[in-house]
Amino acid sequence: MTEGNILESLGSEIVGIVTPVSICMLLVVLLVQSLTPHGSDVPVASIAMLVYDEQPTDSFTEKLGGAMLNALVFVIIVTVVTFLLVVLFYFRCTKFLRAYMGFSAFMVLAYMGGGVAVLLIQNYSIPIDAVSFLVMLYNFATVGVLAVFFSKMPIFVTQGYLVLIGVLVAYWFTMLPEWTTWVLLMAMALYDVVAVLLPGGPLNMLVELAIERDEDIPALIYEARPNARHIAPLPNSPHPVSISSSASDSAAQATQIPPRWRRRVVTAPPPGNASSAAAAATQLPSNVVNEPVNNQDTVRPIGISALRIESQPQPPGQAQALAPPHSTVVMDGLETSSRTAGRSEIINIEALLEDVAGNGESGVLSAAIKLGLGDFIFYSVLVGRAAMYDMTTVYACYLAIVAGLGSTLVLLTVWRRALPALPISITLGVIFYLLTRFLVDPFIVNLSTHYVYF
Amino acid sequence: MAEREVEAGWPGSSVTESNESGSPGRGGGALQWVTVDGPLGVQQEEALKLARNFFYGGFCLLPWLWFVNCFYFWPVLRQRESDPLIRPYVLWSGVGCLTMTVALLAWSLTFAIGGEDVFGSSWRYFAVYDIADKYSMVQMLS
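Starting afresh in each chain, residues are numbered from 1 along the sequence in its written order. Numbering of ligands from 1 and lettering of chains from A proceed in the order in which they are written. For this predicted model, a pLDDT threshold of at least 70 governs which residues receive local features, and a threshold of 80 or more governs which side-chain atom pairs are given and counted, while totals over whole chains, interfaces and linings are taken from all residues. In computing side-chain values, all of the structure's heavy atoms are included and hydrogens and water are not.

### Considerations on the overall build of chain A
Within chain A, the secondary structure is distributed over twelve helices and five strands. Throughout, exposure labels follow a simple rule: accessible area from a 1.4 Å probe, protein chains only, divided by the maximum for the residue type, with under 20% read as buried, over 50% as exposed, and the rest as partly exposed. The 454 residues of chain A split such that 60% are buried. The numbering of helices and of strands both runs from the N terminus, where a helix is a DSSP run of H or I of at least 4 residues and a strand a run of E of at least 2.

Have a look at this one:
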């Protein structure tokens, strides 16, 4: 394949990820604009506010110090829960994990979704009655849980629900007080780097466990559609003779192996050895390098965002050989706390348990970019907070975040390992928010009011 | 080579044969991809299982699930002589969804448009924003 092809396919892959992120951010901005345009008057009770309750009248140092304490507590709790997840995963408590994640997703959709809906109804005085509202909410939440965790559904529906979960959690986070939000964002970006890149980090351990065991981590991950350009017609599957043969003698079936969406298929060559078989020319996707086994949809304990590029094994007959399998997982931690009782309950949102075992197929790996939902959420929180100041900051932050995401994706292809998606974007976002708010905005406003530019 | 087994007994459906070895294009009314996801979606037995589960699941007062079922198997619904196993489930899901939606809409619209004229004082009892105000839900949310 030529350079042009790589760029084309990489471009469409990136668009496939940037679009849902943008939609998520847009929805959060719309919600913020209509419901709490200047920040909420009554901040939500949450784990992030355990230590310090920000008041508008506090001094600068008090606010900063308190916010940092809050963020520290939050990060500690996230770390603890992530380690808990690693332990559970290590002891193979898959059913429990899956059930718990299903439950937490249902809580997000029903409780937070219902809450946001009620706020909207109040705001716009929609004359809906309780019965139909409950029926619709029940439908929405149940199908959502099914779509995200338990069942195969149209790709569009699953992706849509993932984005909606991101929107709801992000909106809820924007209700935190201002200083706490910003410091929390930066703390989470730091945590992300540490947890993913350091060998002792919980996310790193989780990924390695998953690779070792060849299992998927239960997690909430958004997976873009694989590039359709190399989809070959699928022979009707009742007699998957052509497909079930191992990848090593898959010469004839090269063109008949379809990419799968979110389904892990075991390849014959174990992950480690594939690299030895790789020829020099490693193409980037659409035959994105797929990571064999495990790791595909994993990630995200507690909302870790995983960004992965997966490789697709090329049939030996074609020019490009198997690229070394690599997965770049961009992770980020996220945690939501429930509102009831006051901050004690932690809901982990995660989950995409792929039904891996016993697929009975081999030789096919899906090619797709995956981004964990925590990234969606924190990007949207940043933009939502920016929306509480003015729309100029929103535009600046949006561009900064997309630039950061793009560069992270490019780094992914260079480094070929798990990468945190938060740090670059959040750093750029915060810098540009501060610059816009304190430099650009006063400048523009003054120019406009004094008619310097006509 | 792959052939699809078709059960006899569904009235009105034609027996179809699938393509061989994955050549593109359709032969004689057979569908290549039964789901709206095309080559990325489920096929055959798995599709049948899904369609059936969604159909029965929708009876738990879930018209939205029925709608998703129809959306998912839209190619099956569109072609009259497509998969005779899946089609009944999808078709009846569609019918069920329409019925439930019409009923729900009828009630909702009566409530919304009729308002107090139709219901009298009990209207305030049902309306969501009144209930929300009563329990000061904004506070509850915080």
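### Side note on the overall build of chain B
A count of helices and strands for chain B gives seven helices and zero strands. Listing the helices and strands of chain B from first to last along the sequence gives α-α-α-α-α-α-α. Split into buried and exposed, the 142 residues of chain B put 45% on the buried side. Accessible surface is estimated by sampling points in the Shrake-Rupley manner with a 1.4 Å probe; for residues, cover comes only from the protein chains shown. Accessible surface computed for chain B: about 7,800 Å², of which carbon and sulfur atoms make up 62%.

### Concerning the packing of helix H10 (residues 373-387) of chain A against helix H12 (residues 422-449) of chain A
Residues and elements named next belong to chain A. Only the stretch in contact is used when fitting a helix axis, every axis being a line fitted to C-alpha atoms; angles between N-to-C directions are given from 0 to 180 degrees. Where H10 contacts H12, the two axes come as close as 11 Å, and the packing angle between them is 0°. With respect to each other, H10 and H12 are oriented roughly parallel. Across the interface between the two elements, Asp375, Phe378, Tyr379, Leu382 and Ala386 from H10 touch Leu422, Ser425, Ile426, Gly429, Val430 and Tyr433 from H12. Under the scheme applied, nonpolar residues are Ala, Val, Leu, Ile, Met, Phe, Trp, Tyr, Cys and Pro; charged residues are Asp, Glu, Lys and Arg; polar residues are all the others, including Gly. Among the residues making up the contact of H10 with H12, the classes are represented as eight nonpolar, two polar and one charged. Comment on the angle field: the value is read as roughly parallel under 35 degrees, roughly antiparallel over 145, roughly perpendicular from 65 to 115, and oblique elsewhere. Contacts are residue-level and defined by heavy atoms, with any inter-residue pair within 4.5 Å sufficient.

### Considerations on the UniProt feature "transmembrane region" (unreviewed entry) in chain A
UniProt positions are given in the numbering used here, feature names are shortened, and annotations may be inferred rather than shown by experiment. The sites that UniProt annotates as "transmembrane region" (unreviewed entry) are residues 12-32, 67-91, 103-124, 130-150, 155-173, 179-198, 395-415 and 421-440 of chain A. With 96% helix and 0% strand, residues 67-91 of chain A has its two end C-alpha atoms placed 36 Å apart.

### As for the packing of aromatic side chains
For this analysis, a ring pair means two rings from Phe, Tyr or Trp (six-membered ring only for Trp) whose centres lie within 6.5 Å, classed as stacked if their planes differ by under 30 degrees, edge-to-face if by over 60, and tilted for the remaining angles. The final tally for this structure, using the stated rule, is 21 aromatic pairs over all chains. Between Phe60 of chain A and Trp179 of chain A the ring centres are 5.2 Å apart and the planes differ by 80°, which places this aromatic pair in the edge-to-face class. Taken together, the positions of Phe60 of chain A in helix H2 (residues 60-90) and Trp179 of chain A in helix H6 (residues 178-197) put the pair 119 residues apart, joining distant regions of the chain. On the basis of relative accessibility, which here comes to 54%, the residue Phe60 of chain A falls in the exposed class. A residue is classified by how much of its surface remains accessible, and Trp179 of chain A, at 25% relative accessible area, is partly exposed. Between the aromatic rings of Phe149 of chain A and Phe150 of chain A, the centroid separation amounts to 6.1 Å while the plane-to-plane angle is 70°, which identifies the pairing as edge-to-face. Among the residues examined, Phe149 of chain A registers a relative accessible area of 4% and is labelled buried. Among the aromatic residues, those joined into a cluster by ring pairs are Phe55, Tyr56, Phe59, Trp66 and Tyr89 of chain B. Note on criteria: charge over ring means Lys NZ or Arg CZ within 6 Å of the ring centre, with the direction from the centre no more than 35 degrees off the ring normal. Of note, Arg213 of chain A hangs over the ring of Phe89 of chain A, and the distance from its end group to the ring centre comes to 5.2 Å.

### Re the nonpolar core
Formed by 117 residues in total, the largest nonpolar core has its most connected members in Phe173, Tyr379 and Ile426 of chain A together with Phe73 and Ile86 of chain B. Not counting residues within four places of it along the chain, the set of residues in contact with Phe73 of chain B comprises Val34, Thr35, Ala47, Leu50, Ala51, Ile86 and Val90 of chain B. Counting twelve residues, the second-largest nonpolar core is a separate cluster that includes Ile128 and Ala130 of chain A together with Phe111 and Val128 of chain B. The nonpolar core is taken to be a set of buried Ala, Val, Leu, Ile, Met, Phe, Trp, Tyr and Cys residues, with the residues joined through side-chain atoms within 4.5 Å.

### What to know about unusual backbone geometry
Residues and elements named next belong to chain A. Phi at Arg92 takes a positive value of approximately 60°, unusual for a residue other than glycine. Mapped onto the fold, Arg92 is located in the loop between H2 and helix H3 (94-124). The phi dihedral of Ser125 is positive, around 50°, even though this residue is not glycine. Summarising the element assignment, Ser125 is placed in the loop between H3 and helix H4 (130-150).

### Description of the environment of Ile128 of chain A
On the secondary structure map, Ile128 of chain A appears in the loop between H3 and H4. Note on Ile128 of chain A: relative accessible area 15%, which makes it buried. Distance in space between the C-alpha atoms of Ile128 of chain A and Ile424 of chain A is 44 Å, their sequence separation being 296 residues. Among residues more than four places away in sequence, those in contact with Ile128 of chain A are Ile121, Phe133 and Met136 of chain A together with Phe111, Phe126, Ala127 and Val128 of chain B.

### Brief notes about the pattern of salt bridges
Residue and element names in this part refer to chain A. The salt bridge definition used is simple: a Lys or Arg side-chain nitrogen within 4 Å of an Asp or Glu carboxyl oxygen. This model, assessed by the stated rule, comprises two salt bridges over all chains. Put simply, Arg437 and Glu178 hold a salt bridge, and the shortest N to O gap is 3.1 Å. Remark: Glu178 occurs in helix H6 and Arg437 occurs in helix H12; sequence separation between them is 259 residues. Classification of Arg437 as partly exposed rests on a relative accessible area of 21%. Assessed through its relative accessible area of 29%, Glu178 is described here as partly exposed. The partner of Lys370 in a salt bridge is Glu223, and the shortest N-O contact between them spans 3.3 Å. With Lys370 in strand S5 (residues 369-372) and Glu223 in strand S1 (residues 221-223), this pair connects stretches of sequence that are 147 residues apart. Taking the relative accessible area as the measure of exposure, Glu223 reaches 1% and is therefore buried.

### With respect to a nonpolar patch on the surface
Residue and element names in this part refer to chain A. Patch definition: residues with relative accessible area over 30% and no salt bridge; like charges joined within 9 Å; nonpolar side chains (Val, Leu, Ile, Met, Phe, Trp, Tyr) joined within 5 Å. On the surface, Ile431, Phe432, Leu434, Leu435, Phe438, Leu439, Val440, Phe443 and Ile444 cluster together to form a nonpolar patch covering roughly 820 Å² of accessible area. Along the chain, Phe438 turns up in helix H12. Among the residues examined, Phe438 registers a relative accessible area of 53% and is labelled exposed.

### Topic: the UniProt feature "transmembrane region" (unreviewed entry) in chain B
Residues and elements named next belong to chain B. Feature annotation in UniProt places "transmembrane region" (unreviewed entry) on residues 54-77 and 89-113, given in this structure's numbering. Annotated as residues 54-77, this span is 75% helix and 0% strand, and its ends, taken at the C-alpha atoms, are 15 Å apart. Within the segment residues 89-113, helix and strand shares are 100% and 0% respectively, and the terminal C-alpha atoms sit 35 Å apart.

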